[in-house]
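As a plain string of letters, each chain reads:
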Amino acid sequence: MSSSPKLRSPLDRVRQVILFEIGGLVLITPPFAWASGVPASESIGLLAIIALLAALWNAVYNTSFDWIEGRLTGRTADLRPYLWRVVHACGFEGGLVLMSLPIVMWWAGMSWLEALLADIALALAYVAYAFVFNIVYDRVFPIAGEA
């Protein structure tokens, strides 16, 4: 096991977060607006606020997860096996649901249960998206290629 795992640079992490959030807004806003009945103009605003929250959470969560995984296994995040990618994506989205639920309730004027269901649907969509995005990102921008 490595006591000092190689992590992504701060600049690479910023690139990762920005690309992830832009892609998520483009791919997930239209189906959310359709399924929730919240107008697209309001949906994009809501999802942009959640994306900002997610970007902050993303930086903290991913860096922490990568560091812990590196300490426990000695491998870098770009070599993460698929089962750990599922654990990673679910943990990220579970934390985000807890933080974003009050925002969804307030912004969309939904009841607690409606907002929870909408937030869970968003989380499931983002789990699938995060799984694919991170595999592609790790292949396009491997950690070993950093200076």
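Here, every reference points to the structure presented above.
Keep in mind the model is a prediction, meaning the values are calculated, not measured.

Q: Help me out: how do you make sense of the overall build of the protein in this one?
A: A tally of helices and strands in the protein yields 4 helices and 0 strands. Relative to the compact-globule value of 15 Å for 147 residues, the protein shows a C-alpha radius of gyration of 16 Å, a close match. Per-residue burial for the protein yields a buried fraction of 43% across its 147 residues. When contacts within the protein are restricted to residue pairs at least 6 apart in sequence, those whose partners lie at least 24 apart make up 74%. About 8000 Å² of surface is accessible on the protein, with carbon and sulfur atoms providing 77% of the total. Charge separation in the protein, taken as the distance between the mean sites of 9 positive and 11 negative side-chain charges, equals 13 Å.

Q: Would you explain the pattern of salt bridges in this entry?
A: Working definition: two side chains of opposite charge can pair if their charged atoms are close together. As enumerated under the stated definition, the model contains 8 salt bridges in all. Asp138 is paired through a salt bridge with Arg8; the nearest N and O atoms lie 2.5 Å apart. Of the two residues, Asp138 is situated in helix α4 (residues 112–140) and Arg8 in the segment before α1 (10–36); the sequence distance between them amounts to 130 residues. For Asp66, the salt bridge goes to Arg13, with nearest N and O atoms at 2.6 Å. Of this pair, Asp66 sits in helix α2 (residues 40–73) while Arg13 is found in helix α1, placing the two residues 53 residues apart along the sequence.

Q: Help me out: how do you make sense of the packing of aromatic side chains in this one?
A: Describing an aromatic ring pair means giving the distance of the ring centres and the angle of the ring planes. The tally for this structure, following the rule as stated, stands at 14 aromatic pairs. Judged by centre distance (5.9 Å) and plane angle (40 degrees), the rings of Tyr82 and Phe131 are tilted. Taken together, the residues Tyr82 in helix α3 (residues 82–108) and Phe131 in helix α4 connect sequence positions 49 residues apart. Considering the side-chain rings of Trp106 and Trp107, the 5.9 Å spacing of their centres and the 75 degrees angle between planes classify their relative orientation as edge-to-face. The exposure class assigned to Trp106 is exposed, which follows from its relative accessible area of 67%. For Trp107, a relative accessible area of 31% puts it in the partly exposed group. By the ring-pair criterion, three or more aromatic residues cluster together here, those being Phe20, Tyr126, Tyr129, Phe133, Tyr137 and Phe141. One Lys or Arg, Arg15, reaches over the ring of Phe141 and ends 3.6 Å from the middle of that ring.

Q: What is the right way to read the environment of Asp78 from this model?
A: Looking at the element boundaries, Asp78 is found in the loop between α2 and α3. Counting along the chain gives 36 residues from Asp78 to Glu114, while the straight-line C-alpha distance between them is 37 Å. A polar side-chain atom of Asp78 sits 2.4 Å from a polar atom in the side chain of Thr76. A distance of 3.2 Å separates a polar side-chain atom of Asp78 from the backbone nitrogen of Ile143.

Q: I'm lost on the environment of Pro5 in this one. Help?
A: With respect to the secondary-structure elements, Pro5 resides in the segment before α1. Sequence-wise, Pro5 and Val104 are 99 residues apart; in three dimensions their C-alpha atoms are separated by 37 Å. If near-sequence neighbours (up to four positions away) are discounted, Pro5 is found in contact with Trp67, Gly70 and Arg71.

Thresholds applied
- Residues numbered from 1 in each chain as written.
- Predicted model: local features only at pLDDT ≥ 70, side-chain atom pairs only at ≥ 80, totals over all residues.
- Heavy atoms only, no water.
- Helix = DSSP H or I, 4+ residues; strand = E, 2+ residues; numbered from the N terminus.
- Rg over C-alpha atoms; globule rule 2.2 N^0.38 Å.
- Buried < 20%, exposed > 50% of the residue type's maximum accessible area, 1.4 Å probe, protein only.
- Contact = heavy atoms within 4.5 Å.
- Areas by Shrake-Rupley, 256 points an atom, 1.4 Å probe, with all protein chains shown as cover.
- Lys, Arg positive; Asp, Glu negative; His and termini not counted.
- Charge placed at Lys NZ, Arg CZ, Asp CG, Glu CD.
- Salt bridge = Lys/Arg side-chain N within 4 Å of Asp/Glu carboxyl O.
- Phe/Tyr/Trp six-rings, centres within 6.5 Å; stacked < 30°, edge-to-face > 60°.
- Lys NZ or Arg CZ within 6 Å of the ring centre and 35° of its normal.
- Polar contact = N/O pair within 3.5 Å; in protein donor to acceptor, adjacent residues only side chain to side chain.

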